[in-house]
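Per-entry structural report
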Amino acid sequence: MIWVAVIGDWFNLIFKWILFGHRPYWWVQETMIYPNQSSPCLEQFPITCETGPGSPSGHAMGSSCVWYVMVTAALSYTVRWKDKSAVTLHRLTWSFLWSIFWIIQISVCISRVFIATHFPHQVVLGVFAGILVAEAFEHTPAIQTASFRMYIKTNLFLFIFALGFYLSLKLLDIDLLWSVPKAKKWCANPDWINIDTTPFAGLVRNLGALFGLGLGINSEMFITSCKGKNSCKISFRILCIAASLATLQLYNFVKIPTHTEYLFYILSFCKSAAMPLTVVALVPYCVHSLMGTTEKKLN
Ligand SMILES: O=P(O)(O)OC[C@H]1O[C@@H](O)[C@H](O)[C@@H](O)[C@@H]1O
């Protein structure tokens, strides 16, 4: 799921750079189609002032690709049930999960349009692009068996391609960060401009998450705990889920300073890497050790 989310978000960045889509909240102020200053007044909200280009929607694309992976993964279990009542149950589950999927996608799309950060066609494009990315990458077997080298190589490829694309166009005098000044100019409240939303911030976050996942999955801590004797125990899994959810909440309190751009990117990379590393390696290892100690005491 993380692979698909990272690759989907990376494609979203590249598409945004290629498509040069405007966002409604600045477009209405700049377009010439409304005569005599009659442009409509669009209400803005604290999350309206996204600073990247508008097409396709990153939220719609991210949400559709991640939910697509979860729904298809859940359905791949029920499809294995063979007897007659199981077929009915599979059909019911299929209808239920796909309904939930579409309700979520439609809600995301409506909310992005409502806050004037997207035009309708941009969110629709986002949903379908997300499904395409998920379908293309979720069945890639290399992802399941990727070594740490593979994670590093993928990270380098994603980074070098995006940076190379940006710098090549800069040489041609095309600034792919054209949308940032527009956002700053037309946002109703300067406090609503968030460095988190710039194209490079998203890229750095994704690279960090993939790096942290690779590091975690290939660590001794992961192998000892998640591949060890406890890994199949339901109690181990429940404890891991609960401890991970609690620990992840703590990361919300870690606020990254935004005054220096490069420092922000470096710290953002580290924070994004630390989160999957915690869930995949650190938490399971602690739970595993705790269960081992408890078992010893009981014996
Ligand atoms: O295009 P949208 O729906 O406004 O989404 C913007 C978001 O798109 C994501 O892809 C980026 O990672 C975020 O940094 C960005 O804020």
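Residues numbered from 1 in each chain as written. Predicted model: local features only at pLDDT ≥ 70, side-chain atom pairs only at ≥ 80, totals over all residues. Heavy atoms only, no water.

Quick word on the pattern of salt bridges
- Applying the stated criterion across every chain yields a total of 3 salt bridges.
- Put simply, Glu30 and Lys182 hold a salt bridge, and the shortest N to O gap is 2.9 Å. Of this pair, Glu30 sits in helix H2 (residues 24-30) while Lys182 sits in helix H8 (residues 179-186), and the two are 152 residues apart along the sequence.
- A salt bridge links Glu50 to Arg112; its shortest N-O distance comes to 3.1 Å. With a gap of 62 residues between them, Glu50 in the loop between H2 and helix H3 (58-78) and Arg112 in helix H4 (residues 84-114) connect regions that are remote in the sequence.
- Of the residues examined, Glu50 reaches a relative accessible area of 13% and is grouped as buried.
- Here Arg112 falls in the buried class, since its relative accessible area comes to 5%. (Salt bridge = Lys/Arg side-chain N within 4 Å of Asp/Glu carboxyl O. Helix = DSSP H or I, 4+ residues; strand = E, 2+ residues; numbered from the N terminus. Buried < 20%, exposed > 50% of the residue type's maximum accessible area, 1.4 Å probe, protein only.)

Observations concerning the side chain of Gln44
- Its location among the elements puts Gln44 in the loop between H2 and H3.
- Judged by relative accessible area, Gln44 falls into the buried class, the value being 12%.
- Contact partners of Gln44, with chain neighbours within four places excluded, come to Tyr25, Cys49, Trp186, Cys187, Ala188 and Trp192. (Contact = heavy atoms within 4.5 Å.)

Looking at the UniProt feature "transmembrane region" (unreviewed entry) in the protein
- Look at the UniProt record and you will see "transmembrane region" (unreviewed entry) annotated at residues 60-80, 92-115, 121-138, 150-169, 203-222, 234-251 and 263-287.
- Here residues 92-115 runs as 96% helix and 0% strand, with 35 Å between its end C-alpha atoms.
- Taken end to end, residues 203-222 has its terminal C-alpha atoms 26 Å apart, with 90% of it in helix and 0% in strand. (UniProt positions renumbered as here; feature names shortened; annotations may be inferred.)

A short note on the packing of H4 against helix H5 (residues 120-137)
- Interaxial distance between H4 and H5 falls to 9 Å at its minimum, and their mutual angle equals 145 degrees. In this structure, H4 meets H5 at a crossing whose hand is right-handed. Across the interface between the two elements, Phe101, Trp102, Gln105, Cys109, Arg112 and Val113 of H4 pack against Pro120, Val123, Val127, Phe128 and Ile131 of H5.
- A class-by-class count of the residues in the contact of H4 with H5 yields 9 nonpolar, 1 polar and 1 charged. (Axes fitted to C-alpha atoms, helices over the stretch in contact; angles between N-to-C directions. Left-handed = near helix turned anticlockwise from the far one by under 90°. Nonpolar A, V, L, I, M, F, W, Y, C, P; charged D, E, K, R; others polar.)

Here's the deal with the state of the cysteines
- Taken as a whole and assessed by the stated rule, the structure comprises 1 disulfide.
- What pairs with Cys49 in a disulfide is Cys187, and their sulfur atoms sit 2.0 Å apart. Between Cys49 and Cys187 the disulfide shows an S-S torsion of about 85 degrees. By sign, it is right-handed. Taken together, the residues span a long stretch of sequence, with Cys49 in the loop between H2 and H3 and Cys187 in the loop between H8 and helix H9 (199-217) at a distance of 138 residues.
- For Cys49, a relative accessible area of 2% gives the class buried.
- No disulfide involves Cys226; its sulfur sits 5.9 Å from that of Cys240, the nearest cysteine.
- Classification of Cys226 as partly exposed rests on a relative accessible area of 25%.
- No disulfide involves Cys232; its nearest neighbouring cysteine sulfur is the one of Cys226, lying 11 Å away. (Disulfide = S-S within 2.5 Å.)

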